[in-house]
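Below are the chains, spelled out letter by letter.
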Amino acid sequence: LDAYSPIAVLDSGLGGLTVVNALRKVLPHEDIVYFGDTAHLPYGSKSASTVTGFVRQILSFLRPQQPKHVVIACNTATALVLPHLRGEFQEMSITGVIEPGARAAVAAAGSRQVPVIGVIATEATVRSRAYERALIRRRHMAHILLRPTPLLVPMIEEGRSCDDPIVELALSQYLTAMLQKKINVLVLGCTHYPVLKPIINKLVGKDVVVIDSAEQCAQDVAKRLRTRSLLRPLTTGSLAIDLPPQGRLRTFVTDDPKRFARLATRFLGVEIAEPQWVSPDELFTAGDDAAVALRPTG
Ligand code: DGL
């Protein structure tokens, strides 16, 4: 792999496109390979071993593309599988979305003595306690409130947005207790949620800082690539390279590509080329090969 290799981004569905969007702003010339595991969505209500199996298959599928960095752009997968799979895929550079989000939340809490930090996320992310650990490691004195908000991902994947009354009703129910406890910061602990940011901002009011980790995550990836001298070069010697204004985005999905392409526009603001369909069988085989390679011999 080299500086021209792509950055790989994966999620259970559309949510990781919020990270792609941020990456394209920070690193516009980089090629990106996106994997949306739409056939297995949602991850947020599944067990750690099930999600580990899916993500192992995706990483094995992506490996031949030699990505220079992989972003697990899914809080659920980051919380449940990242430490484990990092060990299995040691040759790949892999990061998630929880650390950048927690870092931004603590920064936003400022100098308050005991800030009240709310986190909304999937059931699996809340159960994993990954956010509590990441926040407390950075800030011992904080009051942390977590709330699973399982209805949001299906509504977003269905194409519902901020102006939908059902979305507003669900959000206001989910946020009531946190607002009564006077949160200072609200972390959107799921990469799907930033598309609902306008209505969330309206419901929490201007005194609550809303953190969406996509932006932080993109900055973090840029820093890592810079440190490893893997940013796509803009010059060769003294000659400027005539780069296209935007790097290539290739998309793979495990369910209906047309539907994904249609909904993706809402996340990226531009149309995307039709994704390539990867059948769950093909994905399973990729994961199986990896599992066989990992099995001790003799
Ligand atoms: N986007 C994923 C996350 O950040 C969750 C979606 C799902 O439940 O599959 O947690």
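Coordinates for the structure precede this section.
What comes next concerns the included structure.

Calculation notes
Residues numbered from 1 in each chain as written. Predicted model: local features only at pLDDT ≥ 70, side-chain atom pairs only at ≥ 80, totals over all residues. Heavy atoms only, no water. Helix = DSSP H or I, 4+ residues; strand = E, 2+ residues; numbered from the N terminus. Rg over C-alpha atoms; globule rule 2.2 N^0.38 Å. Buried < 20%, exposed > 50% of the residue type's maximum accessible area, 1.4 Å probe, protein only. Lys, Arg positive; Asp, Glu negative; His and termini not counted. Charge placed at Lys NZ, Arg CZ, Asp CG, Glu CD. Pairing = 2+ DSSP bridges. Axes fitted to C-alpha atoms, helices over the stretch in contact; angles between N-to-C directions. Contact = heavy atoms within 4.5 Å. Near = heavy atom within 4 Å. Polar contact = N/O pair within 3.5 Å; in protein donor to acceptor, adjacent residues only side chain to side chain. Nonpolar A, V, L, I, M, F, W, Y, C, P; charged D, E, K, R; others polar. Salt bridge = Lys/Arg side-chain N within 4 Å of Asp/Glu carboxyl O. Phe/Tyr/Trp six-rings, centres within 6.5 Å; stacked < 30°, edge-to-face > 60°.

### Digging into the overall build of the protein
Helix and strand content of the protein: 12 helices and 12 strands. For 298 residues, the compact-globule estimate of 2.2 N^0.38 gives 19 Å, and the protein sits close to it at 19 Å. For the protein, buried positions account for 55% of its 298 residues. Averaging the locations of the 34 positively and 28 negatively charged side chains of the protein gives two centres separated by 8 Å.

### Examining the sheet that holds strand 5 (residues 116-121)
Hydrogen bonding along the main chain pairs the strands of a sheet, whether they run parallel or antiparallel. Spatially, 6-5-7-8 is the arrangement adopted by the four strands of the open sheet, whose pairing is parallel. The sheet is open, and its two edges are formed by strand 6 (143-148) and strand 8 (209-212), each paired on a single side. This sheet shows a mean twist of 20° between the axes of neighbouring strands, independent of strand direction. Its contacts with the sheet put helix 8 (residues 165-180) on strand 5, strand 6 and strand 7 (185-188), and the angle it makes with strand 6 is roughly 165°. Across the sheet, helix 9 (residues 197-204) lies against strand 5, strand 7 and strand 8, angled at about 155° from strand 8, the strand it touches most.

### Describing the site of the ligand
Around the ligand lies a shell of 13 residues, among which Ser12, Tyr43, Asn75, Thr76 and His192 are the nearest. Measuring from an oxygen atom of the ligand, one finds a backbone N or O atom of Gly44 at 2.8 Å. Contact distances for the ligand include 2.7 Å between an oxygen atom and a side-chain N or O atom of Thr76. Split by residue class, the shell around the ligand holds five nonpolar, seven polar and one charged.

### Things to note about the pattern of salt bridges
In total, this model carries 14 salt bridges according to the counting rule given. In this structure, Arg224 and Asp220 form a salt bridge, with 3.0 Å as the shortest nitrogen-oxygen distance. On the criterion of helical spacing, the pair formed by Arg224 and Asp220 is a turn pair, its members being four residues apart in helix 10 (residues 213-227). According to the relative accessible area criterion, Asp220 is buried, its value standing at 8%. Three or more residues joined by partner-sharing salt bridges are found here, namely Glu99, Arg137 and Arg138.

### Some details on the packing of aromatic side chains
Evaluation of the coordinates by the stated rule reveals five aromatic pairs. Judged by centre distance (5.5 Å) and plane angle (70°), the ring pair of Phe35 and Phe61 falls under edge-to-face. Taken together, the residues span a long stretch of sequence, with Phe35 in strand 2 (residues 32-36) and Phe61 in helix 2 (residues 48-62) at a distance of 26 residues. Judged by centre distance (5.8 Å) and plane angle (25°), the ring pair of Tyr43 and Phe54 falls under stacked. Here the residue Tyr43 occupies a position in the loop between strand 2 and helix 2, and Phe54 occupies one in helix 2, the gap between them amounting to 11 residues. Neither Tyr43 nor Phe54 differs from the other in exposure class; each is buried.

### Brief notes about the pairing of strand 11 (residues 249-253)
Summarising burial for strand 11: four of the five residues are buried, a large majority. Pairing analysis gives five bridges linking strand 2 to strand 11, with the strands arranged parallel. Of the residues in strand 11, the one forming a bridge with Ile32 is Leu249. Summarising the sheet, strand 11 and strand 12 (residues 276-277) pair through two bridges and their orientation is parallel. Of the residues in strand 12, the one forming a bridge with Phe252 is Gln276.

As far as function goes, none of this settles anything; it's purely spatial.
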